Amino acid sequence: MVGRLTLWLGLAANVAVVNMLLVVSPYPGSSLPFVLGRFFGLHAAMILALQLLLIARLPWFDRRIGMDRLTAWHRWTGFTLLWTIVAHATCMVVGLAMMSGKTLAGQVVDLATNWEGVLWAMFAAGLLLSIGIVSARFARRRLSYETWHLIHLGTYAGVLLALTHQIAVGTTFTASPFARAYWWTLWGVALGAVLAGRVLLPLWRNLRHRFRVTRVVPESDTVVSIYITGHRLDRLPAQAGQFFLWRFLSRDRWWQANPFSLSMAPDGRTLRLTAKAVGTGSAALRQVRVGTRVFAEGPYGAFTAMHRTRPATLLIAGGVGVTPIRSLLENLEGHVVVLYRVRSTADAVLADELRALADARGAELRLVTGPSRPVPPTGPFLGPDHLLELVPDIRERDVFVCGPAGMTSAVLRSLRQLHVPQRQVHTERFGLAG
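Please read all numbers here as calculations on a predicted model, not as lab measurements.

Engineer: Tell me about the sheet that holds strand β3 (residues 243-248), residues and numbers included.
Structural biologist: Pairing is antiparallel across the open sheet formed by three strands, whose spatial order is β4-β3-β6. Whereas interior strands pair on both sides, the edge strands pair on one side only; in this sheet they are β4 (258-261) and β6 (294-300). The mean angle between the axes of side-by-side strands here comes to 30 degrees, regardless of whether they run parallel or antiparallel. Two elements, β3 and β6, share five bridges in a ladder whose sense is antiparallel. Residue pairing across strands places F248 opposite V294, the latter belonging to β6.

Okay, here's the thing in structure tokens:
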């Protein structure tokens, strides 16, 4: 709640400042489309800075909001930015054409050839629009994360070109010392946040901790656990329930980054991830050799005990989504109920560890087994009636949910139908690029 409130208050303050700058720096003889063009242009610059902040992976925001939500907001803010850029360009061309008496085509040529910085803006707009199209779902599904990420790096070139344009022709940028201070501060914070969160912090942590693989343990035919050690891991601010982006620095894997949760609470000596073979990247983990160097980005995620609001807890896991649940169970205080949804007991990854932890901590572990389609007498598995039968005091507990997307969505619907307060429901969808 604190993270979201900080973000929204910061956004509201910047909207107020941007609109104030627009009012106090009028452009004499402006047409209405030109005024609208300036309005959209200033807001596009502000939204672009917000975009950078949302994907900067700053630990303070990530622990309180979660990478999945920040990434989702980044995605939707990106589409808002694209439409704002289109509106800015259209209104400016129309407005200037009305003021100069030129045709629209003539005005575009004049802007590109005679206005310093406008040509760079055209390149920036074309680059950002192209990246936006590639980020649309129909195109994103056809690209690997690595390919999409490489293309998406062009955003930073677009940002620099847009900044050059604003400095060259932005009248509100040079309208007053306050305006210059505001825009330089805004861009400095946004670009500095990306540099710190995406580059400097990961480099520093990996140089400091020097992660290496110490064990590779098959948990089943399709699931493997990898144990990782390093230098001074007690100084790594990782919590149970969080995840890292892992790169195993072997010849055939160094370029692949995969998000895997910690499947064991950090103890200051060892980190463990447990993964199921659902793609080429995770399937190849069995071949990772002991001693392989690891580049780990993180820890990330708000799926932690930090957000508990009640003394008692319900943990709901599905499939390999049990990994952060198992990690959380190790550290939670108070009475805990664990519901683990699998097709059969043979599919219950880490079940023995869960039983041992539950016995040691006085928690209740219940395996919910059965195929996805048949309906038990109390309604669908983990439906509202079934959940209420399994956990009668569910409304008095914090509920942590992690599993396949379909199961997670179904459980969240059940919790809403049971009127479990939203502040008591915690979930995080672990992945890359939204």
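The rest of the description comes next.
Engineer: I'd like a description of the nonpolar core, backed by residues and values.
Structural biologist: In terms of nonpolar packing, the biggest core is built from 31 residues, with W183 and W187 touching the most fellow members. Ignoring anything within four residues of it in the chain, the contact list for W183 reads V18, L21, L42, A45, M46, Q166, T172 and F173. Counting residues in hydrophobic clusters, the runner-up holds 23 residues, among them F303, V322, V336 and L357.

Engineer: Account for the pattern of salt bridges, naming residues and giving values.
Structural biologist: This model, assessed by the stated rule, comprises 12 salt bridges. Across the pair R69 and D68 runs a salt bridge, and its minimum N-O distance is 3.7 Å. Exposure remark for R69: the relative accessible area of 23% places this residue in the partly exposed category. Judged by relative accessible area, D68 falls into the buried class, the value being 18%. With a closest N to O distance of 3.2 Å, R269 and D267 form a salt bridge. A single salt-bridge network, built from bridges that share partners, covers R272, R326, E330 and E353.

Engineer: For the sheet that holds strand β2 (residues 223-229), give the residues involved together with the corresponding values.
Structural biologist: Read across the open sheet, the three strands follow the order β1-β2-β5; overall the sheet is antiparallel. At either margin of the open sheet sits one strand with a lone partner, and together these are β1 (212-218) and β5 (270-276). Strand-to-strand twist in this sheet, taken as the mean axis angle between neighbours without regard to direction, amounts to 20 degrees. Inspection of the sheet shows β2 paired to β5 by seven bridges, in the antiparallel sense.

Engineer: Can you explain helix α12 (residues 322-331)? Please cite residues and give values.
Structural biologist: Most of α12 sits out of view: eight of its 10 residues are buried. Turning to α12, its buried residues number three or more, namely V322, T323, P324, I325, R326, S327, L328 and L329. Buried residues in α12 make contact with β4, β5, β7 (312-318), β8 (336-342), α13 (351-361) and β10 (397-402).

Engineer: Can you explain the side chain of T274? Please cite residues and give values.
Structural biologist: Within the fold, T274 resides in strand β5. Engagement of the side chain of T274 in a polar contact is seen with the side chain of S225, the distance being 2.7 Å. Within polar-contact distance, the side chain of T274 engages the side chain of S263 at 2.7 Å. With sequence-adjacent residues up to four places away left out, T274 is seen in contact with E219, V223, V224, S225, S261, S263, V320, T323, V349 and L350.

Engineer: Describe the packing of helix α4 (residues 67-100) against helix α6 (residues 118-135), and please don't skip the residues or the numbers.
Structural biologist: The relative placement of two packed helices is expressed as an angle between their axes plus a distance between the axes. At a minimum axis distance of 10 Å, the contact between α4 and α6 shows a crossing angle of 140 degrees. Judged by the angle between their axes, α4 and α6 are oblique. Crossing angle aside, the handedness with which α4 passes α6 is left-handed. Contacts between α4 and α6 involve R75, F79, L82, I85 and V86 from the former and A125, L128, L129, G132 and S135 from the latter. Class assignment of the residues belonging to the contact of α4 with α6 gives a composition of seven nonpolar, two polar and one charged.

The rules behind each value
Residues numbered from 1 in each chain as written. Predicted model: local features only at pLDDT ≥ 70, side-chain atom pairs only at ≥ 80, totals over all residues. Heavy atoms only, no water. Pairing = 2+ DSSP bridges. Helix = DSSP H or I, 4+ residues; strand = E, 2+ residues; numbered from the N terminus. Axes fitted to C-alpha atoms, helices over the stretch in contact; angles between N-to-C directions. Core = buried A, V, L, I, M, F, W, Y, C linked by side-chain atoms within 4.5 Å. Buried < 20%, exposed > 50% of the residue type's maximum accessible area, 1.4 Å probe, protein only. Contact = heavy atoms within 4.5 Å. Salt bridge = Lys/Arg side-chain N within 4 Å of Asp/Glu carboxyl O. Polar contact = N/O pair within 3.5 Å; in protein donor to acceptor, adjacent residues only side chain to side chain. Parallel < 35°, antiparallel > 145°, perpendicular 65-115°, else oblique. Left-handed = near helix turned anticlockwise from the far one by under 90°. Nonpolar A, V, L, I, M, F, W, Y, C, P; charged D, E, K, R; others polar.

In short, shape yes, function no, at least from these values alone.
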